[in-house]
Amino acid sequence: MRVVRQNDEKRARGAWPGRGTLGRVRVALVVLALAALAPGCGRGEAPPASGERPLNAPPARALDSYATKLRAAQAARAAAAERWGLKKVPLPAPPPPEKKPHITTREGFEVDGHRRLGLPPVFTTVPTKKKIVFLTIDDGAEKDPKFLRMMSELRIPYTAFLSDYVIDDDYAYFERMQDRGVTLNNHTLHHPYLPALSYARQKREICGMQEVIEKRYGTRPVLFRPPFGNYNKDTLRAAKRCGIEYVPLWNEEVFVDRWEYREWHRELRPGDIVLTHFRGTGHWDGTMRDMVRRFLNKVTAEGYAVARLEDYL
């Protein structure tokens, strides 16, 4: 919108004051006066060409600052990779999608009346063409402070599914995890084999863990993973009643010494969910950090980045 529109209209009608020769002289004097007052004019400073900006203009400084921060972040990531013994620097995840993918239950994982009852979808992968995988960690038995530091320094996102019976001796550990941006989700109170329980008991296990997480960490999860990956119709009905919206399972499981696969082709695919557990030398021949090295070395070598599951749901 032009702010001098009314003056333009006056000139068009010949209404500019001082018509004739005298008027033209007055106009010329006004133009010269304005030129003298213009910033930089009359002091030997040439204005930038049309469409150009001085190199010290704010957008240029902002771009340079962003590039500097990007280089610093990459250098810090490279230093962290070397410090934690990785073979390569982990690839950064792409930005989250503006439109999240539509999540549906994997074929063969449905229960009777799944769609009709509006039960939470059960899935092992997220529909995407991006070369990303999602790391999820179950139960909470091992509480390794070095693991927290390693994941923070490497900036690797992951999603936790917790059971109260193994976290109740150190709730603060998972508070520190949450402070680092990790979402804490539901894995039942006592980690039972749910299909063997009645609907009421399953509901107590799931809703009870919802209440623990809400009380201790201030949020009520919308993600739930049934222990052992086993569930039935009552499990999903109870989960829905407790406020659960998604039931992510997994396509691969990583241990400190090996990988295991759900699919016959035994390879990573875009959008795969990877499972591991909070375990240490009491259960594994190694630590959580050893498991992370095995996990990251493989996914990075195959050109995959680790993304945050919640960003796609």
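Only a predicted model underlies this, so the values are computations on that prediction, with no experimental measurement involved. (Residues numbered from 1 in each chain as written. Predicted model: local features only at pLDDT ≥ 70, side-chain atom pairs only at ≥ 80, totals over all residues. Heavy atoms only, no water.)

Q: Break down the packing of aromatic side chains for me, citing the residues and quoting the values.
A: Counted according to the given criterion, the structure contains eight aromatic pairs. Taking the centre distance of 5.9 Å and the plane angle of 20 degrees together, the rings of Trp259 and Phe295 count as stacked. Of this pair, Trp259 sits in strand β7 (residues 259–261) while Phe295 sits in helix α9 (residues 288–301); the two residues are 36 residues apart in sequence, bridging distant segments of the chain. Of the two residues examined, Trp259 and Phe295, each falls in the buried class. It is Arg258 that lies over the ring of Phe255; its NZ or CZ is 3.9 Å from the centre. Positioned above the aromatic ring of Trp250 is the side chain of Arg262, whose terminal nitrogen or guanidinium carbon lies 5.4 Å from the ring centre. (Phe/Tyr/Trp six-rings, centres within 6.5 Å; stacked < 30°, edge-to-face > 60°. Helix = DSSP H or I, 4+ residues; strand = E, 2+ residues; numbered from the N terminus. Buried < 20%, exposed > 50% of the residue type's maximum accessible area, 1.4 Å probe, protein only. Lys NZ or Arg CZ within 6 Å of the ring centre and 35° of its normal.)

Q: Describe in detail the pattern of salt bridges, supporting the description with residues and values.
A: For the structure shown, the criterion picks out 15 salt bridges. Across the salt bridge formed by Arg237 and Asp234, the nearest N and O atoms sit 2.8 Å from each other. Of this pair, Arg237 and Asp234 are both found in helix α8 (residues 233–241), three residues apart, which corresponds to roughly one turn of the helix. Connected through salt bridges with shared partners, the residues Asp257, Arg258 and Glu260 form a single ionic network. (Salt bridge = Lys/Arg side-chain N within 4 Å of Asp/Glu carboxyl O.)

Q: Give a detailed account of the nonpolar core, specifying residues and quantitative values.
A: Counting 45 residues, the largest nonpolar core has Phe147, Met177 and Phe295 as its most contacted members. Within the residue set of this core, elements represented by two or more residues are α3 (58–83), β2 (132–139), α4 (145–154), β3 (159–162), α5 (164–167), α6 (171–179), α7 (199–217) and α9. The element that contributes the greatest number of residues to this core is α9, accounting for six residues. Residue contacts for Phe295: discarding those within four places in its chain leaves Val133, Leu135, Val254, Trp259, Val274 and Val306. Grouped together as the second largest cluster of nonpolar side chains are 33 residues, Val126, Tyr246, Ile273 and Ala307 included. (Core = buried A, V, L, I, M, F, W, Y, C linked by side-chain atoms within 4.5 Å. Contact = heavy atoms within 4.5 Å.)

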